[in-house]
Amino acid sequence: MQLSSLFKMLLYLCTLLLFNKLKVSVGNASCQIMGEPKYPLLFKDGDVTIGALFPVHSIETTPSFEFTQKPQLLSCSSVSLRDFRLAQILIFAIEEINRSESLLPKVSLGYKIYDTCSSKLSSMSATMALMNSFEFAGRDKCNRQTSIHAIIGETESSATVILTRTTGPFKIPVISHAASCECLSSRKDYPSFFRTISSDYHQGRALAYIVKHLGWSWVGAVNSDNDYGNYGMAIFLNTAQKEGICVEYSEKFYRTEPEKLKKVVDTIKKSTAKVIVAFISFLEMRLLVEQLSAENITGLQIIGVEGWTTSKSLVTPRTFNVLRGSLGFAIRKIYIEGFAEYVLKSFWDTAFPCIQNQRNDSWVILNCSRYQDLLVLKNYIEDVPEHRFSINVYNAVYAVAHALHSLFKCNEQEGCEKDLLIQPQQVVDALKRVNFTVKMGDRVWFDSTGATLAQYEVVNWQQNSDGSVNFKKVGYYDASLPTDQRFVVNSKEILWAGGNLKKPRSVCSESCPPGTRKAAQKGRPVCCYDCIPCADGEISNDTDSNNCKQCQGQYWSNAEKNKCVLKTVEFLSFTEIMGIVLVFFSLFGAGLTLLVAIIFYSKKDTPIVKANNSELSFLLLFSLTLCFLCSLTFIGQPTQWSCMLRHTAFGITFVLCISCVLGKTLVVLMAFKATLPGTNVMKWFGPVQQRLSVLAFTFIQVLICVLWLSISPPFPHKNMKYYEEKIILECSLGSTVGFWAILGYIGLLAALCFILAFLARTLPDNFNEAKFITFSMLIFCAVWITFIPAYVSSPGKFTVAVEIFAILSSSISLLLCIFAPKCYIILLKPEQNTKQYMLGKTTSKFY
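The shown structure was predicted, so the numbers you read here are calculated from the model rather than taken from an experiment. (Residues numbered from 1 in each chain as written. Predicted model: local features only at pLDDT ≥ 70, side-chain atom pairs only at ≥ 80, totals over all residues. Heavy atoms only, no water.)

What follows is about the overall build of the protein chain. When its secondary structure is counted, the protein chain shows 23 helices and 27 strands. Here the protein chain holds 847 residues, and 51% of them are scored as buried. Long-range contacts, defined here as pairs at least 24 residues apart, represent 71% of the contacts in the protein chain between residues at least 6 apart. Roughly 39800 Å² of accessible area belongs to the protein chain as shown, and the carbon and sulfur atoms make up 58% of that amount. (Helix = DSSP H or I, 4+ residues; strand = E, 2+ residues; numbered from the N terminus. Buried < 20%, exposed > 50% of the residue type's maximum accessible area, 1.4 Å probe, protein only. Contact = heavy atoms within 4.5 Å. Areas by Shrake-Rupley, 256 points an atom, 1.4 Å probe, with all protein chains shown as cover.)

So, on to the pairing of strand β16 (residues 455-463). The element β16 is largely enclosed, with a buried count of 7 among its 9 residues. Judged from the 5 bridges that link them, strand β13 (residues 327-331) and β16 form a sheet pairing that is antiparallel. Bridge pairing in β16 links I331 to Y456. Relative to strand β17 (residues 469-478), β16 runs antiparallel, the two being bridged by 9 bridges. Residue V458 lies in a different strand from β17, and its bridge partner there is G475. (Pairing = 2+ DSSP bridges.)

The next point concerns the sheet that holds strand β1 (residues 42-44). Pairing is mixed across the open sheet formed by 6 strands, whose spatial order is β1-β5-β2-β6-β7-β8. The open sheet has two edge strands, β1 and β8 (193-195), and neither has a second partner. On average, each strand axis in the sheet is inclined to that of its neighbour by 25°, with strand direction left out of account. Pairing of β1 with strand β5 (residues 109-115) involves 3 bridges; the strand directions are antiparallel. Each residue of the ladder has a partner; that of F43, found in β5, is K112. Contacting β2 (48-54), β5 and β6 (148-152), helix α3 (residues 120-131) crosses the sheet at an angle of about 175° to β2. (Axes fitted to C-alpha atoms, helices over the stretch in contact; angles between N-to-C directions.)

Next up on the list: the sheet that holds strand β18 (residues 487-489). One open sheet accounts for 8 strands, arranged β10-β9-β11-β12-β13-β16-β17-β18; its pairing is mixed. Only two strands of the sheet have a single partner each, and these edge strands are β10 (246-253) and β18. Averaged over all pairs of adjacent strands, the angle between strand axes in this sheet comes to 30°, irrespective of strand direction. Note that strand β9 (residues 218-224) and strand β11 (residues 275-279) share 5 bridges and pair parallel. What sits directly across from A221, in β11, is V277. Here helix α5 (residues 200-213) sits on the sheet and contacts β9, β11, β12 (301-304), β13, β16, β17 and β18; the angle it forms with β11, its principal contact strand, is near 175°.

The next subject is the side chain of S198. Along the polypeptide, S198 turns up in the loop between β8 and α5. Within the local environment of S198, its side chain forms a polar contact with the side chain of Y456, the two groups lying 2.8 Å apart. Discounting residues that sit within four places of it in the chain, S198 has contacts with S180, A451, T452, L453, A454 and Y456. (Polar contact = N/O pair within 3.5 Å; in protein donor to acceptor, adjacent residues only side chain to side chain.)

Turning to the state of the cysteines, a few remarks are in order. The final tally for this structure, using the stated rule, is 9 disulfides. Two residues share a disulfide in this structure: C246 and C527, whose sulfurs sit 2.1 Å from each other. Here the S-S torsion is close to 90°, and the disulfide linking C246 with C527 is therefore right-handed. One end of the pair, C246, is in strand β10; the other, C527, is in the loop between β19 (516-520) and β20 (529-533), and 281 residues separate them in sequence. (Disulfide = S-S within 2.5 Å.)

This part takes up the packing of helix α15 (residues 577-602) against helix α17 (residues 614-630). Closest axis-to-axis distance for the α15/α17 pair is 8 Å, and the angle between their directions is 165°. Classified by the angle between their axes, α15 and α17 sit roughly antiparallel to one another. Pair α15 / α17 crosses with left-handed handedness. From α15, F585, S586, L587, G589, A590, T593, L594, V596, A597, F600 and Y601 reach across to α17, where they touch S617, F618, L621, L624, T625, F628 and L629. Along the lines of polarity and charge, the residues of the contact of α15 with α17 split into 13 nonpolar, 5 polar and no charged. (Parallel < 35°, antiparallel > 145°, perpendicular 65-115°, else oblique. Left-handed = near helix turned anticlockwise from the far one by under 90°. Nonpolar A, V, L, I, M, F, W, Y, C, P; charged D, E, K, R; others polar.)

Looking now at helix α10 (residues 339-350). The end-to-end C-alpha distance of α10 is 14 Å, clearly below the 16 Å that 12 residues give at a rise of 1.5 Å each. Those residues of α10 that fall on the buried side of the exposure criterion are F339, A340, Y342, V343, F347 and W348. For α10, the angular spread of the buried residues around the axis is 150°, confining them to a single face. Buried positions along α10 lie against β1, α2 (81-99), α12 (372-375) and α13 (390-407). (Expected span 1.5 Å × (residues − 1). Arc of directions from axis to C-beta.)

Counting buried residues in β13 gives 5 out of 5 residues, a clear majority hidden from the surface. Side-chain alternation along β13 places L327, F329 and I331 on one buried face and G328 and A330 on a second face that is also buried. Summarising the sheet, β12 and β13 pair through 2 bridges and their orientation is parallel. In the strand pairing of β13, I303 is matched with L327.

So, on to the packing of aromatic side chains. Scanning the model with the defined rule gives 26 aromatic pairs in all. Look at F352 and Y371: their rings are 5.4 Å apart centre to centre, the planes differ by 80°, and that puts the pair in the edge-to-face class. Of this pair, F352 sits in the loop between α10 and α11 (362-366) while Y371 sits in the loop between α11 and α12, and the two are 19 residues apart along the sequence. On the basis of relative accessible area, F352 is assigned to the buried category, the value being 0%. Judged by relative accessible area, which is 0%, Y371 ranks as buried. One aromatic cluster is present, built from ring pairs that chain together F84, F92, F339, Y342, F347, W348, F352, Y371, Y394 and Y398. Against the face of F194 rests R187, its NZ or CZ located 4.9 Å from the ring centre. For the cation-ring pair, K518 lies above Y529, with the distance from its terminal atom to the ring centre recorded as 4.8 Å. (Phe/Tyr/Trp six-rings, centres within 6.5 Å; stacked < 30°, edge-to-face > 60°. Lys NZ or Arg CZ within 6 Å of the ring centre and 35° of its normal.)

Below, the discussion takes up the environment of Q413. Here Q413 lies in the loop between α13 and α14 (424-432). Spatially, the C-alpha atoms of Q413 and S102 are 9.2 Å apart, while their sequence positions differ by 311 residues.

Counting residues in hydrophobic clusters, the biggest one holds 69 residues, and the most contacted among them are L42, F54, L90 and L104. Only β2, α2, β5, β6, α10, α13 and α14 provide two or more residues apiece to this core. In terms of residue count, α13 provides more of this core than any other element does, 12 residues in total. Non-local contacts of L90, meaning those with residues more than four positions away in its chain, are made with A52, F54, Y111, I113, I152, V393 and V397. Core analysis: the next-biggest nonpolar cluster, separate from the first, contains 66 residues, A649, C657, V694 and I818 among them. (Core = buried A, V, L, I, M, F, W, Y, C linked by side-chain atoms within 4.5 Å.)

Moving on, we get to unusual backbone geometry. Look at the link from G153 to E154: it is a cis peptide, with omega at -10°. Even without being a glycine, K409 presents a positive backbone phi close to 55°. Within the secondary structure, K409 sits in the loop between α13 and α14. Exposure remark for K409: the relative accessible area of 54% places this residue in the exposed category.

For the protein chain, the average pLDDT comes to 84, and 87% of its residues sit at 70 or higher. Here residues 1-8 is a poorly scored stretch, pLDDT under 50, and it has 3 contacts once near neighbours within four places are set aside; other chains count. (pLDDT = per-residue confidence, 0-100.)

Structure follows, in structure tokens:
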């Protein structure tokens, strides 16, 4: 509603001016100003006049607009020391230029400084007053060009928008010292606007950078509800989102809206964020700080902007508890030589009305009362060193002077061509070409948007030992530097909120350590999350990882899930318990076989050893020893040679063993046939034939092995499919056909041996060896039949263990079933170890 009323008033003023324009005859009639003229606060005549608008007062008293009587002039109160200093620095710069012999020689600059009272209405009124001279000679025509060549101001962005839009059609250049709103960067909308401050595009982004740099991801945001605050906050929020910063709340208010201010304070009180980004103008910040102080809301880390971060007038004994430790961006502090002395004496003697005895302007004498509150500041200069915007006004004045210098074609010897008629558009074009260095060493020029380079100091509100406030520089932002060098903050020098030495934490959720990932909480900002441990085989080696990375190839996650390590390589080793047990039984079997061989060799001349071909018995014992020992080749890390050896040794030794058993079975059958009348079969299967049969059966297996090793031999293989977390180092068969051919041939011989032994089990003999061969083959076949499914289904090293177990089990069954009965007779029943007993001439029986 207030904005609507304001625009209605502005429309009313514009309508009055339009009617005034229509009433004046364009011919020879002289111009008149309707109503009371608006006089400048400070002015001086000159060959060229620079206009200026500053809110020297901050409170405006609005007259009644009931239109029942003539409206009174607007009145202002409450001096804004900062903007009064800006008016003084403008006059100081103009006086400095007027004394210069190199810049605008013999040309005097004048000025007209209007007080806008921090009001858009007064700003519009002052703008109109600048564009229309408050004094007209009788010969002056209404079509006369304005006497103002440039306007310096306004302080606030919203007021500057009004100023620039009003002067835009007349192409009068406007140079602002403090209007940083990004909205003013449009050359299409504001072709004659310039500023000696950078756009908030940089400051809004820098705010997000400092929050990110200091490790805060959970902040609150408050801004002025005007162009300055709304555009600046939009830039901050956009950059904050890109930088992963979450904003718990974003509130705004204007200085004339106490209800909204109360809502903002209530929101701050209820929030969990410990950091507040305040993109607020000076006047709104003063109201906010006073309200926070009244509510005793302290300990919040406030991050501010150049509009208020170096304003000592915000500090009172109550409010400093709120602002202590605040951080913010500020215009660089540059010392202007001679300004402090000028403020203390020369200004009051030469530029201030109502003190100059020689000044006899009637309107000044009648209105001296409006200057009384300024006289209080006559002897006060303590604030001068901290006025950072002063350099912007100083540079703006010099920019105009340099532009005029080029337009008037000035040189030190001949001076300037003052009689040239300078059009406002010419000044605009000249300002675009301005490029000079002021005496402090700064280079001044305007970019394509009409702004200067973004250079800020990062300041920290600290308290000196004497209780005074110190805006300590703790970093900087310089857009002219490379991207990675633009922003620097020295955290060690910062005094944090409430005067604490420890940096406050402001996060919605604590950081997720390496080994975990962030999982967003449903319905909450992305900065609010749970930390979920990475799954097996995945890692995160950074803090706050969004995803876990899969370990590739031979790598697996460690216990902490923060590093990929080589997978554990698993194989049946000699050092583990299972390997030791199998080695023990292998050596025990081999030793037992050697013991039997020794017993047999010591009793080689006895009937029970000589029976059934003792040569085959010794060969069988030898092959059984090899069978026990070949199991050792399956233990240990597989290599190319061990893989080929283990299967071929197993196949050949077992075939040798089964061939010997088959030979013994055939001997039993032939021996029985030889006892029948008229048969002479033993001559066809004597010792030579027995040796040849064993050799022939074994040679076939050797041939199969040679073919297997030649075509596709076994090789070591890293199996990563069965287990995800470890590598099974095993011997790949190469050709499965070769492996199963070896096993099949062993099975064929075993089956043949079992059948023949089964047929010979009932032959009459006191010691019928066929019975024991039958039983041993039965166990042998049972072991290897059960081996097949166990082999296929066993994982990793257990596959090898199953194969070793089958080898040892079948070998021990052959040893015990065939040789245990004979050893029993040799050692414990020597009376049965006779030829008579073997031929059944006694009544004793073994079975």
